[in-house]
Each structure stands twice: as structure tokens, then as C-alpha cells.
Amino acid sequence: MSFERWAPRVTHNPSTLREGTNPGSFANPPDIGGPLSFSSPDTPGMPPPSSRSAWDFLPSGWRREAGGCQAPAGFRPVTQLEHARLGSITEQMRRVAERERHLSAEQVRDEVAAGRMILPCNTVHYGYRSAGHGLDPMAIGRASVTKVNANMGASPVSSGTREELDKLEWAERWGADTVMDLSTGGNLDECRDAIVRHARVPIGTVPVYSMVIGRRIEDLTEQVIMDTLLQQAKQGVDYFTIHAGVRRAHLPLIKQRLIGIVSRGGSLLAKWMLVHGKENPMYTHFDEICDIMREYDVSFSLGDGLRPGGLADASDAAQLGELDALGELTERAWRKGCQVMVEGPGHVPFDQIEYNMKLQRRICHGAPFYVLGPLVTDVFPGYDHITSCIGATAAAYHGASMLCYVTPKEHLGLPKKDDVKQGCVAYKIAAHAADVALGIPGSRDWDDRLTKARAALNWEKHFEEAFDSDLARAYHDEDLDVDTDFCAMCGHDWCSVRISKEIAEFDSGKAEGYQRARVITSPALNAEQRALLERRGVLPPEEIHRLASKTRRVLAAEPGHKAACHSDLANDAAAQELQENLIQLRRPPAAE
């Protein structure tokens, strides 16, 4: 056939059984153990991968040998990186190999030793297993499947510890591989402790939030920084976002941005530097921070405090200048024996995503990249779980190892329980789509099972294989609660799947084990499935106005006007008084 002259290079097949007619993945060969492990082909002009790895940044006194390293006499390894460098396979690495079926424990060890994979596993959190909870070890890296993080946390005006534990359980149910507690209100220590004790996934935090609770950012000292980090490490937090890459020299580059600094940690530290006229204390004291984190094997998530908050500011000098600093910090952390991943943007036009992923791969020597989105357009608030998971799929295909979810409430408010689900589902789609495209072995097996069920018109197996079985069943049974050999969209006579199944020469719909034994009546919709259908419609305008006006009433705004708590309309004292009223909204009424 004439198309064969344009046939792409096919390197491997993401289907274990190589079923179907798909020729296989167009991505690079797997190259596990090298810098191009599960990678996309480079568009011409992209930065090539770094020739260096964590092996090139050993601590002082260490010596590289065949099959590992020689540490100084009396050294006791603590972190997974240190164990891997010494050639040891830990029980955490063995558990990761059980979960990542395409990797051996030896491959996990070698990827950790190279710095291309991390196992976020605080020794305290891991120790909670005996109490019935405890961390189930997982890996973040290009050799593993793409991971998804869910953000949660109480704010000064919404939620609390009980609500956050509910969201934790909900996020775990809907596939979050890690969870970040970003609480800025309520009892932060209590909430964090409860989350770590209940979580089976790694927990991350942004410690600078706790550092400024009850004080001005200007009053932040080295002692406060170290005390806060030590406290959270002792609680069992598995990874810290540390915004040490925001340098004083970067701040003039922010002046012409449309939206300035959108990272909370980045903006706080920028203000500290401007007030004091000094370098970022997180950068200045980075070695001491490494020492605390190493003691409990807390992984670094080197924060992107200058990430772009809109397409207009993407890939600018400030963002890339910070990335260069993060490369230096990656090397310093490796020399201290700490595990490292690097955080990335943000809001990025679709055409610039590959460049951003591959520039980080080079500058940070293959350290795992953990990205927020990226959002590929700014004009769909309320739908940013969609605008961002489009970018997230591209990011994971081109180099990201973990995707931080975005919910429909992004830019608008604190996510509620259903927002958490919507964000998790959107990002599980993005991560899985990238894994299939990269050809990670076995990644398409799930898709193939559902395809065979769909081809056989076996609705029960179809629902069983669906990521959200309740939703799939509810949507089907809304129109047809009988197990038919067609769906309500096509009807019997127009069902192409049924017609293909009946053509004797076709294999379609005839897979062994997928044939229906008999036609059955589907079970009645349960309460959860009915609730899913009830939420499908939009709220009527009067209900939207009723919900939206409750805050206006509490703040005693005049009819037809909003409360003057915007920083452009009220002075600090007036705004603070109104914010105190807002906080009352989430507090239970006093007992009479």
C-alpha cells in the first residue's frame, strides 16, 4: 500500500498479548537504565538529555565502584538514595517492583541510584503500618507509570480536619498516587498529623505556609525555618515543596509579567527578600535543610515559585532562570544523599510543553519532573480540570513523571469532595493516555479488556472494566435497564458493533470469556447511581443566586452590591474585619 512509505518507526507494543491490529508505540525504545527511559522522540531543536545523573554528584568521601559505591567507614544509610547507591534493595523497592509489574527490584534500585526515580517514604510514615494504616511505597520516575497528585487542605474560610480526611479517603478512592496537604487555616498541626496517620499514599506539604502562620513573612528567621521542617519531618511528611530556587536576582524579571508571582510560597519569599534586601533564606540555608530532610528520608519537591500564572508569562526569563537554579539545587541535594524531584509549570501554551519538559530533563539531569497541568488556555474557569489535563497528557508523554491535578474549582475556590473526584478522574485519564503512548509494557491491557467487552456487547464486563463503574452503569441504565445487544444511541438496526459481531469473517466480539451467557435485566440503580444522574443537569438560576448570596448576607453588603473586602476597595483593617466574618461561616454554632 502507498502509505507504507510514511509508516512510522514502531519500537515496542504496550499490549502484553499484542492483540488487535495496532502496530505498537511510536515512542522511543524503553531504554530502562538510561536517560531516555520511556520517552517521546525529540522534535528537532529540543534540548538533548543530560549525560550526567546522581552518580556524578556523590557526597564527599564516597567512591564509585563497579555495582555501587563505597561509603566512608561507619556510614549508616538512611535514605532510599543512599541504600541504592550502596547496592542494597530495600523492602520499599521490592514493594514498588510488585506494583510496577514491568520493573524488577534491581531496576528500581538502579533508577533510584541514578536520581531518575524517587520513593517518597518518610521513615515515620512507613512505620505507621503496624497501626493499620501506614504508607504503601510507590515510585515517581520516568521508568514507572505516570503518577497523579491530588491537592487538598483547609483554608481560613473553609473546611477543617474532618472534611480534609474525607477528601483524603475520596482522593485515594479515585486514584490519587500522592496527596499534598496545602492547609492555610484551622489547626494545621492537627490536620497534618491526622492526614499522615490515615494516608496510605505519600503526603507532601509546603512548609513555608506553617512558617508564616501567626507572624508576618518579614519576621521569618532561620530558626523558624529549621524548627518547622523538623516538626513536619517528625510527623511523617514524605516530601516537602521547598522554594529555594527563587533567587533575589530573578525578581526584576517579574516586573513586566501580566500576573506576577502566582505561587504562594514564591510570593512570600519574594516579599521577604525585598524587605530584607537579602538572598532567599531557603537557598542560603539549603545545606542545613538537606540535613534535616535526610534524617527522616523526606524527599525534596523543589518548588517552582516563579511558574507562569498565565499563557502570557510562560517560558519567560524568570521561569527559566529559576529552573537553572533548581538544577544546581538538585546537584546539591544529591550530594547530601537526599531524594529529589522538581516542580514545573503552570500555564503553558500547548506548543511549548515539549520544550519545557525536555529543558528540565537536561538542566536537572533526569530528576523526576512534577508538573501542575499545564493549563493550555486561560479562558475556561470552571473547566480548568479539562484545560489542564490536555496539557498534562502532553507533559507526561514528553517527560513529566507526576501530574498535579487541577479541579473545576481551580482559580475560583477551595475544592469540595466532588471537585476532588473530577480532578482525579481527569488526571488519571491524562496519565494513562500518556503511559499507553509511551508503550509502558502492559499499559494497554486494560483498554484491550474493555474493548473486547464492548465488542461482545457484554455490558456487565463493560461496567466492571470501567474506571468509574457506577457512572457507566447509571448512564447506560438511564435509557435501557435491560442487557441488550445494542445501546440507546444507535438502537438495534443501526448498531455497528452488533453488525460487526455478526459477520462470520470478523474476529470482533468473539473473544473467549467475553461472550454473554444470557440476556439479563440489569440491577436497579442504587442510591449513588441515582445521585449521579440527578447531578447531570445544571442548577436553575434562582438556586445559583441563592447559594451565591449567602456570603453577601453574612458580610452585610448593601442590596445589589458586593461586600468591599477586595484589596482595591478596603483598607487592611476593614478587610481583616470582613474576613473574620467569613471565617465564622465554617464554624459550628455555639451550644445554647
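To start, this report covers the structure provided alongside it. Because the structure is predicted, anything quoted here is derived from the model rather than measured. (Residues numbered from 1 in each chain as written. Predicted model: local features only at pLDDT ≥ 70, side-chain atom pairs only at ≥ 80, totals over all residues. Heavy atoms only, no water.)

**Let's talk about the overall build of the protein chain**
Here comes step 1: A count of helical and extended segments in the protein chain gives 22 helices and 12 strands.
Here comes step 2: Looking at the protein chain as a whole, 52% of its 592 residues are labelled buried.
Here comes step 3: Surface summary for the protein chain: the accessible area is close to 27600 Å², and the carbon and sulfur share equals 54%. (Helix = DSSP H or I, 4+ residues; strand = E, 2+ residues; numbered from the N terminus. Buried < 20%, exposed > 50% of the residue type's maximum accessible area, 1.4 Å probe, protein only. Areas by Shrake-Rupley, 256 points an atom, 1.4 Å probe, with all protein chains shown as cover.)

**Observations regarding the packing of aromatic side chains**
Here comes step 1: Applying the stated rule across the entire model yields eight aromatic pairs.
Here comes step 2: For the ring pair Phe 57 and Trp 334, a centre distance of 6.0 Å and an interplane angle of 35° mean the geometry is tilted. Pair noted here: Phe 57 is in the segment before strand E1 (63–65) and Trp 334 is in helix H12 (residues 317–335), with a separation of 277 residues, a long-range link. You'll find Phe 57 and Trp 334 in the same group, each marked buried. (Phe/Tyr/Trp six-rings, centres within 6.5 Å; stacked < 30°, edge-to-face > 60°.)

**Comments concerning the packing of helix H2 (residues 91–99) against helix H3 (residues 105–113)**
Here comes step 1: Relative to each other, H2 and H3 sit at 115°, their axes nearing to 8 Å. Note on packing geometry: the crossing formed by H2 with H3 is right-handed. Residues Met 93, Arg 94, Val 96 and Ala 97 of H2 lie in contact with H3, whose contacting residues are Ala 105, Val 108 and Arg 109. (Axes fitted to C-alpha atoms, helices over the stretch in contact; angles between N-to-C directions. Left-handed = near helix turned anticlockwise from the far one by under 90°. Contact = heavy atoms within 4.5 Å.)

**A word on the sheet that holds strand E7 (residues 203–205)**
Here comes step 1: Taken together, eight strands build a closed barrel; the order of strands is E5-E6-E7-E8-E9-E10-E11-E12 and the barrel is parallel. Each strand of the sheet is rotated relative to its neighbour by a mean of 25°, with strand direction disregarded.
Here comes step 2: Here strand E5 (residues 147–152) runs beside strand E6 (residues 178–181); their pairing, made up of four bridges, is parallel. Paired with Ala 150 across the two strands is Val 179, which belongs to E6.
Here comes step 3: In this fold helix H5 (residues 161–173) packs onto E5, E6 and E7, with an angle of close to 165° to the strand it touches most, E5. (Pairing = 2+ DSSP bridges.)

**Things to note about the side chain of Glu 111**
Here comes step 1: Looking at the secondary structure, you find Glu 111 in helix H3.
Here comes step 2: With relative accessibility at 1%, the residue Glu 111 sits in the buried group.
Here comes step 3: In contact with Glu 111, not counting residues within four places along its chain, are Ile 32, Gly 33, Gly 34, Arg 116, Met 117 and Ala 143.

**Observations regarding H5**
An α-helix turns once per 3.6 residues; consequently, residues spaced three or four apart project the same way.
Here comes step 1: For H5, spanning 13 residues, the distance from its first C-alpha to its last is 18 Å, which sits close to the expected 18 Å at 1.5 Å a residue.
Here comes step 2: Taken together, the buried positions of H5 are Thr 161, Glu 164, Leu 165, Lys 167, Leu 168, Trp 170 and Ala 171.
Here comes step 3: Buried-residue contacts for H5 involve E5, E6, helix H6 (188–198), E7 and helix H15 (417–438).
Here comes step 4: Residue Gly 175 follows H5 closely and has a positive phi angle near 95°. (Expected span 1.5 Å × (residues − 1).)

**What to know about a nonpolar patch on the surface**
Here comes step 1: Where nonpolar side chains cluster on the molecular surface, the patch consists of Phe 350, Val 379, Phe 380, Tyr 383, Ile 386 and Ile 390 and spans about 630 Å² of accessible area.
Here comes step 2: Within the element layout of this structure, Phe 350 appears in the loop between strand E10 (340–344) and helix H13 (353–363). (Patch = residues over 30% accessible without salt bridge, like charges linked within 9 Å, V, L, I, M, F, W, Y side chains within 5 Å. Salt bridge = Lys/Arg side-chain N within 4 Å of Asp/Glu carboxyl O.)

**So, empty space enclosed by the protein**
Here comes step 1: The final tally for this structure, using the stated rule, is five cavities of 30 Å³ or more.
Here comes step 2: By volume, the largest cavity amounts to about 180 Å³.
Here comes step 3: Elements with a contribution of two residues or more to the lining of the largest cavity: H13 and helix H14 (384–398).
Here comes step 4: Looking at the lining of the largest cavity, the element that brings in the most residues is H13, giving three residues.
Here comes step 5: Here the second largest cavity is characterised by a volume of approximately 90 Å³.
Here comes step 6: Around the second largest cavity, the lining residues are Asp 304, Arg 307, Gln 319, Leu 320, Glu 322, Leu 323, Leu 326, Glu 343, Gly 344, Pro 345, Asn 356 and Phe 369.
Here comes step 7: Of all elements in the fold, only H12 and E10 reach the threshold of two or more residues within the lining of the second largest cavity. (1 Å grid on protein atoms, 1.4 Å probe; cavity = no way out; pocket = protein on both sides within 12 Å on 5 of 7 lines; lining within 4 Å. Points joined across faces, edges and corners; volume = space filled by probe spheres on them.)

**Looking at the nonpolar core**
Here comes step 1: Counting residues in each nonpolar core, the largest one holds 104 residues, and the members touching the most others are Val 179, Ile 242, Met 282, Ile 289, Phe 300, Leu 403 and Tyr 427.
Here comes step 2: The element contributing the most residues to this core is H15, with seven residues.
Here comes step 3: Beyond its immediate stretch of four places on either side in the chain, Ile 289 contacts Ile 225, Met 226, Leu 229, Ile 242, Met 282 and Phe 300.
Here comes step 4: The next biggest cluster of nonpolar side chains, apart from the first, holds 20 residues, and it includes Val 108, Ala 114, Met 117 and Ala 139. (Core = buried A, V, L, I, M, F, W, Y, C linked by side-chain atoms within 4.5 Å.)

**Focus: the environment of Asp 507**
Here comes step 1: Tracing the sequence through the fold places Asp 507 in the loop between helix H19 (496–502) and helix H20 (527–534).
Here comes step 2: Taking the C-alpha atoms as reference points, Asp 507 and Gly 20, 487 residues apart in sequence, are found 9.7 Å from one another.

**A word on the side chain of Asp 177**
Here comes step 1: Structurally, the position occupied by Asp 177 is in the loop between H5 and E6.
Here comes step 2: Here Asp 177 falls in the buried class, since its relative accessible area comes to 15%.
Here comes step 3: Asp 177 has contacts with Met 138, Thr 146, Lys 147, Val 148, Val 201, Pro 202 and Lys 428, leaving out every residue within four places of it along the chain.

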